[in-house]
Amino acid sequence: MPSALSRLRLGISPDENGYVPVICGLARCNKADIDAAWEAVRHAMRPRIHTFIATSEIHMKYKLRKSREEVVRIASEMVAYARSLGCEDVEFSPEDAGRSEREFLYHVLAEVIKAGATTVNIPDTVGYTLPSEFGRLIADINANTRGIENVIISTHCQNDLGLATANTLAGAYAGARQLEVTINGIGERAGNASLEEVVMAIKCRKELMGGLHTGINIKHIVMASKMVAEYSGLHVQSHKAIVGANAFAHESGIHQDGMLKHKSTYEIISPEDIGLTRSNKSGIVLGKLSGRHALRSRLLELGYDINGKELDDIFKRFKEVAEKKKHVTDDDIEALISDEIVQTQVIWLLGDLQVTGGTLGLSTATVKLIASDGEEKIACSVGTGPVDAAYKAVDIIIGVPVTLLEYSMNSVTEGIDAIASTRVVIRGDTTHSSTHALTGETVFRTFSGSGAGMDIVVSSVRAYVSALNKMLAFKDLSASKAARQVS
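Below is a short write-up of the structure. Counting restarts for each chain, with residues numbered from 1 along the sequence as it is written. Given that this is a predicted model, residues contribute local features only at a pLDDT of at least 70 and side-chain atom pairs are listed and counted only at 80 or more, while totals for whole chains, interfaces and linings are drawn from all residues. Hydrogens and water molecules were not included; the side-chain quantities draw on all heavy atoms of the structure.

## With respect to unusual backbone geometry
Most peptide bonds take the trans form, and the phi angle of most residues other than glycine is negative. The backbone phi angle of D96 is positive, close to 60°, even though this residue is not glycine. Only runs of H or I of at least four residues qualify as helices and only runs of E of at least two qualify as strands under DSSP, and these elements are numbered from the N terminus. Within the secondary structure layout, D96 lies in the loop between β3 (90–95) and α5 (102–115).

Structure, rendered in C-alpha cells:
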C-alpha cells in the first residue's frame, strides 16, 4: 500500500485539510494522446485531461497545415471525446493564443466550451506579449466569448522576454483564476512563470490585486525550490528573485546601514516567511569544534529535522569538512545533505579513493567500494585524468556497461576551500529502454547522480556511484516485476 504522502501525490486521498489535488494529463488533440492521458489519471479522485491545438496563423499554416475550420472541428471533437471517456474535468488550450486573431480565438473557445471544456487556458506560448497586452487579452476573452461565465480562465506564460511573471499577474488581475506556474521558473527555452514570484507578488501587493490569494503555504517555498534544483540539476541563479542566494543578501554600505536601522528599508519580504533562516540571525557559527547539538540546531533552522543514522552520517561528513575549513557555511551544509540524505537505495558506497595525476605520466586511481552487505571490492585503473581513471576503476568493480552523458561541477561556496558539487548523467545498456509516446522511437533511460566534497575527484566519484545506484536499483525493480508477471 502506498504511504499517506504518496497517496496524496497520486491524488487518491485528501490532505489534513481535506484538499485533494487535481491530477492532470496533457494531450494533443488526438484520440491516442487523450486515451493515454486518461489511462494515466483516471484513478485519481480529481482527474483532468488537458488537450491543446494551435490557433495562431503561423502555427496553423506552417506546423499544422490546417485551415481554421479544421482546427475548430478537431478542438471541439477532441474535447467532446475526452468528456465521453468519463472525464468530467477537461482543460483546453489554444496554443500560441498570444499571437492568435481575436475573433477566431473567441470562436474556438466558445466551441470547446460548448463541447464540454471546464477550463480554458490562455498560453503566451512564445512569451511575446507585454503585460498590458496580455491583461487586455484575458479581459477581452472574458467579455466576448460565449459561455465563458461557466468555465475557469487560466494563464500559461513563457518567459522569452522576461515577462512571464508580469503577464501572469496581469492575467489574474483581468479575471484569470488558474495560473500555471513552475517552481524556480523552469521550463521550455527561457522558462515559465515562476511560482514563487507570482505567489509572493500577489501576497505583497494584495491591495492592488483585488484581494486575490493563492492558498500556498509560503513557508515551504525555499525548501521546494532547493528540492527541484537538486532533482532537476538546474541550479538557481544567485540573483533569482525570492529564492536566489543573493535575494536577501545586502552588500552595499548604504543598504547595510538601512537594514541595521530597520529591515523594511530594503526588504519587502521577510526571509523567514518563505522558510529561509539566515545563519547570522541564529548566532551559531559552525566549525571544527561544533558538536552534534549545534549541527542539529542549525539543520532545524534550515528546515531539516534529521535524527538517528541520517544525523550520524551528516555529522561525520560535517566533521571531515570542518577539519579543513575555518567555518562551515549553510551552503556547505546543504551540499552535504544533498549528498548524504537525498539519495536513492544504496547498493554501493564509496570507501576509499587514491589518485595520481599530472604531466609526467598517465593518471591512475585505486578505488574501494563497499557493497550493501558489507563486502569490500578494490580496483585500479589508468585514464586520461584522475576522474576518468577513478570512473574506470568503479566500472571494473561494478561490471555493468555504462555511458557517461553529462558531467558538471559547481563550487558551492567561494575560496580555495570550497566544496565542489558534481552532477552526472549516465545511460545503461539497452535493457533500460522505452518507446517515445509521440515518435515511436526507442529511448534509452538515463540516470542522474550528485556528489559533494572538498576534493573534486571524491565529489565526482560520489556522483557517479549515486547514478549507478539508481540504475542498479531500477534494474532490480524491473527484474522483480518481470518475475512476478511470469509467475
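## With respect to the sheet that holds strand β14 (residues 446–453)
An order of β10-β11-β14 is seen for the three strands of this open sheet, with the pairing classed as antiparallel. Edge positions in the sheet fall to β10 (403–411) and β14, since each has one partner strand and no second. Each neighbouring strand pair of the sheet contributes to a mean axis angle of 15°, computed without reference to strand direction. Pairing geometry for β10 and strand β11 (residues 420–427), over eight bridges, is antiparallel. Paired with Y407 across the strands is V424, a residue of β11. Strand pairing follows a simple DSSP-based rule, namely that at least 2 bridges must link the two strands. Note on geometry: axes are C-alpha line fits, over the in-contact stretch for helices, and angles between N-to-C directions span 0 to 180 degrees.

## Things to note about the environment of D140
Looking at the element boundaries, D140 is found in helix α6 (residues 131–144). A 1.4 Å probe rolled over the protein chains alone gives each residue an accessible area, and that area as a share of the maximum for its type sets the label: buried under 20%, exposed over 50%, partly exposed in between. On the basis of relative accessible area, D140 is assigned to the buried category, the value being 15%. Residues D140 and R102 lie 38 residues apart in sequence; the distance between their C-alpha atoms is 8.5 Å. By definition, residues are in contact when any of their heavy atoms lie within 4.5 Å. Dropping the residues within four chain positions of it, D140 is found in contact with R102 and Y106.

## Details of the environment of A75
Looking at the element boundaries, A75 is found in helix α4 (residues 68–84). For A75, a relative accessible area of 1% puts it in the buried group. Through-space distance from the C-alpha of A75 to that of C29 is 6.4 Å; in sequence the pair is 46 residues apart. Apart from residues no more than four positions distant in its own chain, A75 is found in contact with C29, I53, F92 and V112.

## Let's talk about the pattern of salt bridges
Salt bridges are defined as contacts in which a side-chain nitrogen from Lys or Arg sits within 4 Å of a carboxyl oxygen from Asp or Glu. The full count for this structure, using the stated rule, is 24 salt bridges. For E101, the salt bridge goes to R68, with nearest N and O atoms at 3.7 Å. Within this pair, whereas E101 is found in the loop between β3 and α5, its partner R68 is found in helix α4, the two being separated by 33 residues in sequence. A residue is classified by how much of its surface remains accessible, and E101, at 33% relative accessible area, is partly exposed. Owing to a relative accessible area of 31%, R68 belongs among the partly exposed residues under this scheme. With a shortest N-O distance of 2.5 Å, R292 and D312 are connected by a salt bridge.

## Describing the nonpolar core
Working definition of a nonpolar core: buried Ala, Val, Leu, Ile, Met, Phe, Trp, Tyr and Cys residues. They are joined through side-chain atoms within 4.5 Å. Counting residues in each nonpolar core, the largest one holds 49 residues, and the members touching the most others are F92, V120, I122, I141 and I153. Looking at this core, the element that brings in the most residues is α4, giving eight residues. Contacts of I141, omitting those with residues within four sequence positions, involve L105, Y106, L109, I122, I148 and I153. If you look at the next biggest cluster of nonpolar residues, it comprises 30 residues, including W348, A371, V394 and I398.

## A short note on the packing of aromatic side chains
In this scheme Phe, Tyr and Trp rings, the latter by its six-membered ring, pair at centre separations within 6.5 Å, and the angle between planes marks the pair as stacked below 30 degrees, edge-to-face above 60, and tilted otherwise. Taken as a whole, this structure holds two aromatic pairs when the rule is applied. Ring geometry for Y391 and Y464: centres 4.0 Å apart, planes at 10°, overall stacked. Taken together, the residues span a long stretch of sequence, with Y391 in helix α15 (residues 386–398) and Y464 in helix α16 (residues 456–486) at a distance of 73 residues. For the pair shown, Y391 and Y464 are each scored as buried. Geometrically, a charge over a ring is one whose NZ (Lys) or CZ (Arg) sits within 6 Å of the ring centre while staying within 35 degrees of the ring normal. Positioned over the ring face of F315 is R292, at 5.4 Å from the centre of the ring.

## Overview of the pairing of strand β4 (residues 119–124)
Extensive coverage of β4 is indicated by the burial of six of its six residues. Bridge count between β3 and β4: two bridges; the pairing is parallel. Along β4, the bridge assignment pairs E91 with T119. Since β3 and β4 lie parallel, the crossover through α5 that links them has a hand, and here it is right-handed. Where β4 and strand β5 (residues 152–157) come together, six bridges link them in parallel fashion. What sits directly across from V120, in β5, is I153. Seen with its strands pointing away from the viewer, a crossover is right-handed when the path leading from the first strand over the helix to the second is clockwise. In terms of handedness, the path from β4 via α6 over to β5 forms a crossover that is right-handed.

Read these as geometric descriptors, not functional statements.
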